[in-house]
Each structure stands twice: as structure tokens, then as C-alpha cells.
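# Observations on the model geometry
Residue-level listing of the chains:
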Amino acid sequence: ADCNDGCPADNAKIAPGICGCGFNDDDTDGDGTADCNEGCDADPNKLAPGVCGCGEADTDADGDGFVECVCAFGTLNCPTQDECANDANKDVAGACGCGYPDADVDGDGALDCGCHDVDAPESDSEVNGVTNNCPADTFPHGAGTDNCPRDGAKTAPGQCGCGEVDTDSDGDGVADCNDGCPQWAGWTDAAAPDSQAVPPECPCGVTFVDGDGDGVPSCHEDCDGDMLKTEAGECGCGNPETGDTDGDGTHDCNDNCPNDPNKTQPGTCGCGYPDNDQDGDGDLDCGCLDLSGASDGTDADGNGTPECPPAAPASDLCPEDADKTAPGLCGCGTADTDSDGDGTPDCDDDCDADPNKIEPLVCGCGSLETDTDGDGTPNCNDACPYDANKAADAGVCGCFWPVAADTTDTDSDGTMDCVDVCENDPNKSTGPSICPCGMADIDGDGDGAYDCGCVDAINTPAECAASFDGCPADSDKTAPGVCGCGVADEDTDGDL
């Protein structure tokens, strides 16, 4: 009753207290002084704003008589703020910033900001704990400061650094000090234009060209049109190194008698027969002795096979072959045709239409045996030619995935983790759908909001708050609200 109520018009108080009727006796910052009696009710360390305002101490760390407030310099709340809290010699940053004097010791018109030409390069002439570090100083300077205080020609290091002129002889934008080819515009090292791939390097001024696509630039190979060779070797560019079948020291490619160790040219008698006349009758024996007195090339014993090949210079060593008078490389009856021009006749070339191969090998004629990833499987049979860990099959996960990933199925749902968006949820693999991974897309109370795995009997309202339906068993609510699931949030007397 009002007779016992010291504040009959204030339904929150029955006595005036510290602040009087109509005002709460709150002490927000807990400093023992009610809010109604202090100017900083949220700052337990201050009762009045002071210099820096509520929430910040009026501190003078460097003892220069200026308080260091965090608020912006010059605002109404900081009339005496110290902009350089740790620099007793400055209260305003100036051009060089706190900790560095705005001085021009070398008198070149640009501020040195703490660098002194007369001092040792790493001295601390200002005794401020920061070395001068001239000329490669890295502290931030203001506009117009001198970053090369010992170089009268420069105020900034530029490309070459203090003490060296940024000369660009070829005008390509790269100073000579950093340009491996200072007389060639577009070249910054001995590797051709910057836009080109460079290994291995070509001399300055020589453009990187790889005419045959073998990965070796033309400037470093003798066979620029032969992708299988970089040097001519014994057989020359465009011709494979065939070996020396008869061991006479002449490679087969240069030996017209590759199976005769005594001859490299057929001569008069042909390969396999020496051009000699052992009986001195004026007719070459071609390896036969004319002891019977019969002319060379005859069938003295009548067995159908001449003892010796015809020996006369104009004789036909292939009498049954209208197209040849000598066996050549392929023998009588077979033309010495070289269809692909690789130096190996078709009779000995299993890839007679491929100048780069004489046998199919793994990839077949017309295809290179390139193995880009070096896994022992050529690209023609390699499903992942750039992945050394996979060859015949890219697997479920594809190239560049570890082989083990193709069989890793954490949730055992039949979908490998590499393609399973919910790798820990066996009921989902293509994506979270409506509810996140690990939560079923269920609306238990039929109110149109998915429960997302939340059950009132198991989970607390707080645990259900993050789901779509915070009250999965209450069709009238999707969140606990004030009263919780199952109880309406009604305020009959309207006193909330």
C-alpha cells in the first residue's frame, strides 16, 4: 500500500535508494559507484571520461607530457593525444614516422628518416633501438623521404639498389644489373624471349625454337628436323643408328655390304665375294678357283648351281630379276625400296611408312613410344600419361588420385570417398540434400519443417535449434521459443 511505499509512483522500487525514485540503483561496471553518480558507467577503472574518454586509461608511456589515447588524433575526445607513444622526441609522426627524425643529414633535399651517411651502415645514431640500416632500410617512409641517403643520384633503390644506376641499355624495362642480355630487347637472360619456355638456354639474341618437337632447342642440336636424334651420329640426321651387323667398323647405314665384313661396296663380284683373280687368268674369281679351266660363272659339275657368280664386269648378278643386276640390300627378286626414306629398305623395315621406326614396338607404326610420366607404360597405352602412379586404368577417382583412394569407402555405402559428397554418411552420397550430411531428410510432425535428425525425446531444445525444425514432435512450432516444444508461448496478461 502507498502508506508503506516510499516510491508509490515507481512500481520497481519501494524506497528511493541511492539514485531516488524513478531511477534504478544499477552499477553496470561493478566499481561500487551507481551509474546515476558516474560519467563512465561501463568502465570499472574510471568515474569520469578524463582526457582519453571512458574505456581508455589516460597514460603517458614515454613521459613527454602527452597522453597516448588510441582514438583518432585530433578528435574532440583527445585534445592532448601523443601520436608517437614510444618516441619521447616526437608527439606527431611527421614525414618519417614515429621513431625516426625528420632529418636530411646529407643535404640532398630528401629526408633521410634516421639514415646517416657519416655513420657505420648498421649503426643506431639516434639511439632509439632501431639501426639506421642504410641503404637497404625497410621501414615505411613518408612521401619525399630519402631511401638512398649515401647515393647523391638516387632517393630510392630502384631495380639495382642504392649506389648503382638503373641503366636499361636495350630499353626492355629490365635494368642491366638484372638483365642477362642487356643489349637484346626482350631477353632478360641467355634463354630467348621472356614469354618462351627456356630449358636449356640459347645464347642472347637467339630465339628459342624447337623445330622437331623433341624438347631440345634448335640452337643446341644438329638434327633439328629429326625428333629421334640431336646429333648426326654415324648415319646422319633422319636415319636411325642401325649398328654394324658384320662388325667391319662401318655402320650398316653406310655399308652397302652389311653382312660382308670384308667389303662395304659390292664391287664387281658383289657382296660376299672378293674381287680377286687368284689364278691370274684375267677373269675375277670372285672367291672361286678356276681349276677346271671352265669360265667363271659356269656350272662345271652340272648340279644346277654355278660354283661361282658371274665375274665379268658387265655380267648380271641377278639373272632372274629383270629389275636388278646386283643383289643390293634386299637380294635378287626384291626391290631395295625405302618408302619412308629412313635409310632402311622396306625389306628390313617393319614400319616402312614411318620414318621414325623400323619395328612397331609397343605403340605400333606411326606412333611414338613416348612415356611422359616415366612409369614404364608409353602414352599410347597409358590412361593417365601424366600420372606415374596410374597407367592402364584411371580408376574410380581418376588420374592424380592415390591408387588407394579408388577403394576407400569410409561409410561403406558403395560410393568411394573421392566422389562421395557425404563420405561419413552411408545414407547420402550425392550431397547434403535438404538436411546436412549425417541427418535424414525427415519431417516427423508433418509441419513442413524438416527435423534433420532432431528428436525431442533425445535432444535438448538447444541441440535442435540449429536444425530446420527445432520441435520435430510439435506440429505448431519449429523452434522451442520461450516455453519450449509442446507448450505455446502465450502471454495472457501482456506483461512480457
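Residues numbered from 1 in each chain as written. Predicted model: local features only at pLDDT ≥ 70, side-chain atom pairs only at ≥ 80, totals over all residues. Heavy atoms only, no water.

### A closer look at the overall build of the chain
Applied cut-off: Numbering of helices and strands starts at the N terminus; helices are DSSP runs of H or I of at least 4 residues and strands are runs of E of at least 2. Here's how the labels work: a residue is buried when its accessible area is under 20% of the maximum for its type, exposed when over 50%, partly exposed in between, all with a 1.4 Å probe on protein chains only. Surface accessibility in these figures is a Shrake-Rupley result with a 1.4 Å probe; residues are shielded only by whichever protein chains are displayed.
Across its full length, the chain holds one helix and zero strands. Looking at the 496 residues of the chain, the share that counts as buried comes to 29%. For the chain, the accessible area works out to roughly 27,900 Å², and carbon and sulfur atoms hold 52% of it.

### Some thoughts on the state of the cysteines
Any covalent bond linking the sulfur atoms of two cysteines counts as a disulfide. Let me state the cut-off plainly: Note on disulfides: each one is a pair of cysteine sulfur atoms within 2.5 Å.
Applying the stated rule across the entire model yields 13 disulfides. One disulfide in the model links Cys40 with Cys54; its S-S distance is 1.9 Å. Judged by the sign of its S-S torsion, about -80°, the bond between Cys40 and Cys54 is left-handed. Remark: Cys54 occurs in the segment before helix H1 (461-464) and Cys40 occurs in the segment before H1; sequence separation between them is 14 residues. The class for Cys40 is buried, based on a relative accessible area of 2%. Bridging Cys351 to Cys365, the disulfide has an S-S length of 1.9 Å.

### What to know about the pattern of salt bridges
The criterion, for reference: A side-chain nitrogen of Lys or Arg and a carboxyl oxygen of Asp or Glu constitute a salt bridge if their distance falls within 4 Å.
For the structure on display, the rule yields four salt bridges. The partner of Lys229 in a salt bridge is Glu241, with the nearest N and O atoms 2.5 Å apart. A residue pair is termed long-range when its members are at least 10 positions apart, and Lys229 in the segment before H1 and Glu241 in the segment before H1 qualify at twelve residues. Since its relative accessible area comes to 9%, Lys229 is described here as buried. Given a relative accessible area of 38%, Glu241 falls into the partly exposed group.

### A look at the side chain of Asp409
Put simply, the test is: Only four residue types enter the charge count: Lys and Arg as positive, Asp and Glu as negative, with His and the chain ends excluded. In the analysis that follows, any N or O atom pair within 3.5 Å is treated as a polar contact, provided that within protein one partner can donate a hydrogen and the other can accept it, and provided that, for residues neighboring in sequence, both atoms belong to side chains. For this analysis, residues touch if any pair of their heavy atoms sits within 4.5 Å.
Along the chain, the position of Asp409 falls in the segment before H1. For the buried Asp409, which has no salt bridge, the nearest side chain bearing the opposite charge is Lys390, at an N-O separation of 16 Å. There is a polar contact of 2.7 Å between the side chain of Asp409 and the backbone nitrogen of Gly414. The contacts of Asp409, once residues within four sequence positions are left out, are Gly414, Thr415, Met416 and Asp417.

### What about the environment of Ala335?
Mapped onto the secondary structure, Ala335 falls in the segment before H1. What makes Ala335 partly exposed here is its relative accessible area of 48%. Here the alpha-carbon distance between Ala335 and Asp346, two residues eleven residues apart in the chain, equals 8.5 Å.

### Side note on unusual backbone geometry
Even without a glycine there, the phi angle at Phe400 is positive, about 75°. Following the sequence through the fold, Phe400 ends up in the segment before H1. Even without being a glycine, Ser412 presents a positive backbone phi close to 55°. Along the chain, the position of Ser412 falls in the segment before H1.

### What about the layout of surface pockets?
Cut-off, in case you're wondering: Points on a 1 Å grid, built from protein atoms alone, make a cavity when a 1.4 Å probe fits but cannot get out and make a pocket when they are open with protein on both sides within 12 Å along at least 5 of 7 lines; residues with an atom within 4 Å of a point are the lining residues. Grid points are joined across faces, edges and corners, and a volume is the space filled by probe spheres set on the points. Three classes are used: nonpolar for Ala, Val, Leu, Ile, Met, Phe, Trp, Tyr, Cys and Pro, charged for Asp, Glu, Lys and Arg, and polar for all others, with Gly counted as polar.
Estimates place the volume of the largest pocket at around 360 Å³. Lining the largest pocket are 19 residues, with Asp252, Asp255, Pro258, Leu329 and Asp348 positioned closest to its centre. Within the lining of the largest pocket, the residues separate by chemical class into seven nonpolar, eight polar and four charged.

### Some points on the environment of Thr242
With respect to the helices and strands, Thr242 occurs in the segment before H1. In this structure the C-alpha to C-alpha distance between Thr242 and Gly343, which are 101 residues apart in sequence, comes to 9.1 Å. With near-sequence residues (within four places) excluded, Thr242 lies in contact with Cys235, His251, Asp252, Cys253 and Thr344. Side-chain polar atoms of Thr242 contact the backbone nitrogen of Cys253, separated by 3.0 Å.

### Considerations on the side chain of Asp260
Mapped onto the elements of the fold, Asp260 is located in the segment before H1. Apart from residues no more than four positions distant in its own chain, Asp260 is found in contact with Asp246, Asp248, Cys271, Gly272 and Tyr273.

### Here's the deal with the environment of Lys428
Mapped onto the secondary structure, Lys428 falls in the segment before H1. By relative accessible area, which is 10% here, Lys428 ends up buried. Residues Lys428 and Thr415 lie 13 residues apart in sequence; the distance between their C-alpha atoms is 9.4 Å.

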